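Architecture and fold: a report
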Amino acid sequence: MPAPAVLMGAVAYDPKVVTIWEGFRAWLRGRGLDFDFVLYSHYERQVEDLVAGRIDAAWNSPLAWLRAERLAAATGGAVSALTMRDTDRDLTSVVVVRADSPVRRVEDLAGMTVAVGAVDSPQATLIPLGYLAAAGVEVGIRRFDVGVGLHGDHIGGERDAARALVAKEVDAACMIDANHLAFVQEGTLPSEGTRIVAQTAPYDHCNMTIREPASAGVKLFGELLRGMSYADPQVRPLLDLEGLTAWEEGRTIGYHALASAVDAVGFYAADGRVTAEDYQP
Amino acid sequence: MSTAPAADVEVQLGALGFGRGAYLLVQRALAGLPPGGRVAVSGRDPALRVHLPAWCRSRGHRVEWPDPADRTDLVAVIVRGSADDERWFGAERAGPALPPALSSRPPSRWGLGARGALLEAGGPEARFDLDERDLVWADVAPKLYAQAAARQWDPETAVPWHDAFTLPADVEAAVVQVMTYLVENEQAALVVPARFVGRIHPHFREVVQLLAVQVADEARHMAVFSRRALLRGTELGTSSAGGRQSLFTLVAESDFALASFLLSVLGEGSFVDLLSFLEQNAPDPVTRRICWLAMQDERRHVVFGMAHLEHQAAVDPSLRDRLRAAIHRRHDALTNTAGLNADVFDALVVLAAGGWNPDDVAAGYDRVQELQNAMDQGRQRRLVRLGFRSDEAAALSALHTRNFM
């Protein structure tokens with residue numbers, strides 16, 4: 001009987017993706033799973049291939065998860081979240097102004113210019129703009145389209161937005177909570193030079209998306225990922241590169257804010273078609 | 001009534017934020033607790049409520065929030081995760097920090113980790129092929145390194161470059177010829193240890209340090225000998241094909257013990273005698289001084305070469321067979337070459353003669369022959385110390401290259 005097999009898609013947003021998945025591949029193969037991966041240059045084709053059955057699993061951004069869910073439903077299928085990183089749970093985004101800004105509350109941003117990340121960044125564009133819209137605050141938007149198609153995995157757009165804030169080109173900037181800390185620590189944002197005026201509710205980030213019903217290979221894949229230990233020196237450097245200390249059960253309760261934002265700006269149609277006008281991955 | 005979650009330890013951050021090191025205080029508090037231990041963090045930095053959970057998330061710690069009605073500075077309670085401990089699961093010390101209880105064969109996984117450090121498991125298998133203590137170590141190495149480091153000299157200030165002297169043209173030419181010869185020999189003496197420095201397991205770091213200083217010594221020798229050669233003129237002397245062939249056989253030896261034997265015990269040992277001869281017969285203060293300085297360094301090189309070969313010979317009775325074979329092999333490789341550059345030999349006679357009377361030349365010639373005899377006697381003594389019988393030591397010494405080094 002052939003070994004259970006899985007072909008997984010991952011988006012090559014950084015050269016380290018090759019290191020990570022080659023390392024995981026060796027580890028998974030050593031535990032009886034015939035695992036391989038293919039790399040995509042953006043998330044849209046990866047999601048289409050998952051739903052079309054060309055790959056068995058997709059290491060998806062939250063936005064890609066939403067599209068997979070919609071595409072699958074439109075064709076009578078279903079997808080689920082097999083696993084996610086411990087670091088994919090309960091993230092927040094923040095809206096930041098310069099420390100000397102007159103803005104005190106989020107409402108004060110009305111009519112001002114807000115810098116955001118790439119058009120398809122959940123954390124630096126879609127979710128924080130959805131938050132502002134829900135608060136009834138209308139703002140001008142300056143977008144930093146770095147790595148379009150990578151769904152915000154490329155940090156460049158967020159960093160450019162932060163720089164624009166420091167350069168006084170904009171009144172506020174949006175970023176994920178951990179990047180605000182990282183930008184302060186690396187000096188992109190001056191220490192105590194910015195003030196957080198808004199923080200979104202917690203949301204979830206990436207997940208390992210699979211088609212239902214899960215094959216034996218996919219089930220084994222999930223078990224093996226969740227069994228990876230940070231104490232294992234073979235995988236610890238890979239976990240560090242991928243930014244987690246443990247794989248958790250997949251959950252899909254943390255995507256409401258993004259789904260609302262996607263609908264509000266018409267990023268995807270209900271059937272999963274890409275409808276965002278200026279989005280060309 | 002307090003609604004704060006229970007905690008084992010409290011940390012007060014004051015106004016300090018995570019962007020300016022607050023995490024260090026949190027980390028310190030967490031370090032003293034087991035997984036599941038709880039640290040209550042209080043502080044006034046406005047970004048703390050954003051940064052603290054983001055930082056905890058990336059390190060596998062959990063955060064519990066106080067009741068929103070809590071009016072104190074309490075920001076959150078951190079529940080310590082296990083990732084910090086798991087990172088050090090399977091960690092090991094890279095041997096003892098100091099000799100003498102060094103590992104007899106340090107594993108390649110210790111690699112470039114500092115000796116004695118606690119090494120996280122994983123990481124590269126570093127290939128240092130000279131990884132047996134008996135092959136590279138000598139107990140005197142740390143002491144010799146300390147001496148070597150303390151006795152580094154500055155070529156600019158240690159040599160009386162500006163002392164006034166004038167030599168007859170032919171005597172100056174003899175000095176230039178000898179300096180030319182010394183430069184090319186020191187060049188070989190630099191390359192040989194340099195090739196081994198990168199092959200010795202860093203666990204034996206005092207040996208690596210000592211060889212590194214040896215390389216630096218030779219670099220300095222090359223500099224001062226070539227500076228003396230060009231002190232009064234613009235051209236160096238000659239370099240013979242046979243001399244270079246002899247040096248090439250030295251540089252090509254890839255076995256550490258054999259290379260040390262040929263270079264330090266036989267070559268540099270002979271060079272100590274040569275430099276001593278030159279110091280005594282130098283016609284000017286600069287030549288005298290640089291030969292003396294170089295001789296001090298070369299003595300140290302010989303001491304280490306002898307020490308680690310004596311150590312190795314004591315534990316490996318077959319070593320002498322290999323040393324013997326190495327001398328024969330090099331002799332055979334050089335059998336059809338002239339060995340010492342005739343210009344060098346002649347220059348040594350001129351320097352020892354100190355004048356052009358036939359009696360002076362005869363005396364100079366005798367002195368060079370005495371030098372060669374002294375070199376031979378020295379080699380024999382060192383061979384005997386390595387365990388060769390005296391008659392065999394005499395025979396082997398006679399096979400040593402005529403190029404001295």
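A short tour of the structure in this document, coming up. Everything numeric in this text was worked out from a predicted model, so none of it was measured.

Here we come to the overall build of chain B. Across its full length, chain B holds 15 helices and six strands. The C-alpha atoms of chain B give a radius of gyration of 32 Å, which is well past the 22 Å a tight globule of 405 residues would have. If you line up chain B on its principal axes, its C-alpha atoms span 115 × 55 × 30 Å. For chain B, buried positions account for 41% of its 405 residues.

Time to look at the overall build of chain A. Each helix and strand counted, chain A has nine helices and eleven strands in total. Here the C-alpha atoms of chain A give a radius of gyration of 19 Å, agreeing with the 19 Å that 2.2 N^0.38 yields for 281 residues. Along the longest, intermediate and shortest principal axes, the C-alpha atoms of chain A span 70 × 45 × 30 Å. For chain A, the residues scored as buried account for 53% of the 281 residues in total. In chain A, 79% of the contacts between residues at least 6 apart in sequence involve partners at least 24 apart.

Let us now look at the sheet that holds strand E3 (residues 62-64) of chain B. All names here are of chain B. Taken together, the four strands give an open sheet; going across it, the order is E1-E2-E4-E3, and neighbouring strands pair in mixed fashion. Each of the sheet's edge strands pairs with one partner strand only, and the pair in question is strand E1 (9-12) and E3. Direction aside, neighbouring strands of the sheet carry axes that sit 30° apart on average. The sheet contact formed by E3 and strand E4 (residues 74-79) spans three bridges and is antiparallel. Within the sheet, the bridge partner assigned to Glu-64 lies in E4 and is Val-77.

Moving on to the interface of chain B and chain A. Contacts between the two partners involve 20 residues from chain B and, on the opposite side, 23 residues from chain A. The leading source of residues in the side of chain B that touches chain A is helix H2 (residues 48-58) of chain B, at six residues.

In this section: the environment of A:Pro237. Along the chain, the position of A:Pro237 falls in helix H8 (residues 236-242). Spatially, the C-alpha atoms of A:Pro237 and A:Ala216 are 28 Å apart, while their sequence positions differ by 21 residues.

So, on to the sheet that holds strand E4 (residues 79-85) of chain A. Residues and elements named next belong to chain A. In space, the six strands of this open sheet follow the order E2-E1-E3-E10-E4-E11, with mixed pairing throughout. If you trace the sheet from one side to the other, it starts and ends with strand E2 (34-40) and strand E11 (247-249), each paired once. Averaged over all adjacent pairs, the angle separating strand axes in this sheet is 30°, with direction ignored. In this sheet, E11 lies alongside E4 in antiparallel orientation, the contact comprising three bridges. Looking at E11, one finds that Met-84 is bridged to Glu-248. Along the sheet face, helix H1 (residues 16-29) touches strand E1 (5-11) and E2 and points at about 165° away from the line of E2.

Looking now at unusual backbone geometry. Along the chain, A:Glu212 connects to A:Pro213 via a cis peptide bond; the corresponding omega equals -5°. Put simply, B:Pro99 and B:Pro100 share a cis peptide bond, and its omega is 15°. Of note, B:Pro100 is situated in the loop between strand E5 (92-93) and strand E6 (118-119). Within the chain, A:Glu192 stands out as a residue other than glycine whose phi angle is a positive 60°. Among the secondary structure elements, A:Glu192 is positioned in the loop between helix H6 (177-186) and strand E9 (194-199). With 15 C-beta atoms counted inside 10 Å, the residue A:Glu192 sits in the partly exposed group.

On to helix H9 (residues 241-251) of chain B. All names here are of chain B. Of the positions making up H9, those classed as buried are Gly-243, Ser-246, Leu-247, Thr-249 and Leu-250. Each buried residue of H9 sits inside an arc of 155° when the element is viewed along its axis, so together they form one side. Residues of H9 that are exposed and point more than 90 degrees away from the buried face comprise Ala-241 and Phe-248. On its buried side, H9 packs onto helix H7 (169-197), helix H10 (256-281) and helix H12 (319-333).

Here we come to the packing of helix H3 (residues 62-74) of chain A against helix H9 (residues 256-265) of chain A. Residue and element names in this part refer to chain A. Direction vectors running N to C along H3 and H9 enclose 70°, while the axes themselves pass 10 Å from each other. Viewed along their axes, H3 and H9 adopt a mutual orientation that is roughly perpendicular. On H9, the residues touching Pro-62, Leu-63 and Leu-66 of H3 are Leu-258, Ala-259 and Val-262. Considering only residue class, the contact of H3 with H9 consists of six nonpolar, no polar and no charged.

All names here are of chain A. Bridge analysis of E1 against E2 gives seven bridges, and the strand direction is parallel. Looking at E2, one finds that Met-8 is bridged to Phe-37. Handedness of the E1-H1-E2 crossover: right-handed.

Residue and element names in this part refer to chain A. Two elements, strand E6 (residues 113-116) and strand E7 (residues 140-143), share four bridges in a ladder whose sense is parallel. Note that in E7 the partner of Ala-115 across the bridge is Arg-142. Assessed by its sense of winding, the connection that carries the chain from E6 through helix H4 (residues 122-134) to E7 is right-handed. Sheet analysis places E6 next to strand E8 (residues 172-176), joined by two bridges and oriented parallel. Counted as the bridge partner of Val-114 is Ala-172 from E8.

In this section: H9(A). Residues and elements named next belong to chain A. Among the residues of H9, those classed as buried are Ala-257, Leu-258, Ala-261 and Val-262. With its buried residues spanning 135° around the axis, H9 presents them on a single face. Lining the buried residues of H9 we find H3 and H4. Phi turns positive one or two residues past the end of H9, at Gly-266, with a value near 65°.

What counts as what
Residues numbered from 1 in each chain as written. Chains lettered and ligands numbered in written order. Predicted model: local features only at pLDDT ≥ 70, side-chain atom pairs only at ≥ 80, totals over all residues. Helix = DSSP H or I, 4+ residues; strand = E, 2+ residues; numbered from the N terminus. Rg over C-alpha atoms; globule rule 2.2 N^0.38 Å. Buried ≥ 20, exposed ≤ 12 C-beta atoms within 10 Å, placed from the backbone. Contact = placed C-beta atoms within 7 Å. Pairing = 2+ DSSP bridges. Axes fitted to C-alpha atoms, helices over the stretch in contact; angles between N-to-C directions. Arc of directions from axis to C-beta. Parallel < 35°, antiparallel > 145°, perpendicular 65-115°, else oblique. Nonpolar A, V, L, I, M, F, W, Y, C, P; charged D, E, K, R; others polar. Right-handed = clockwise from strand over helix to strand, strands pointing away.

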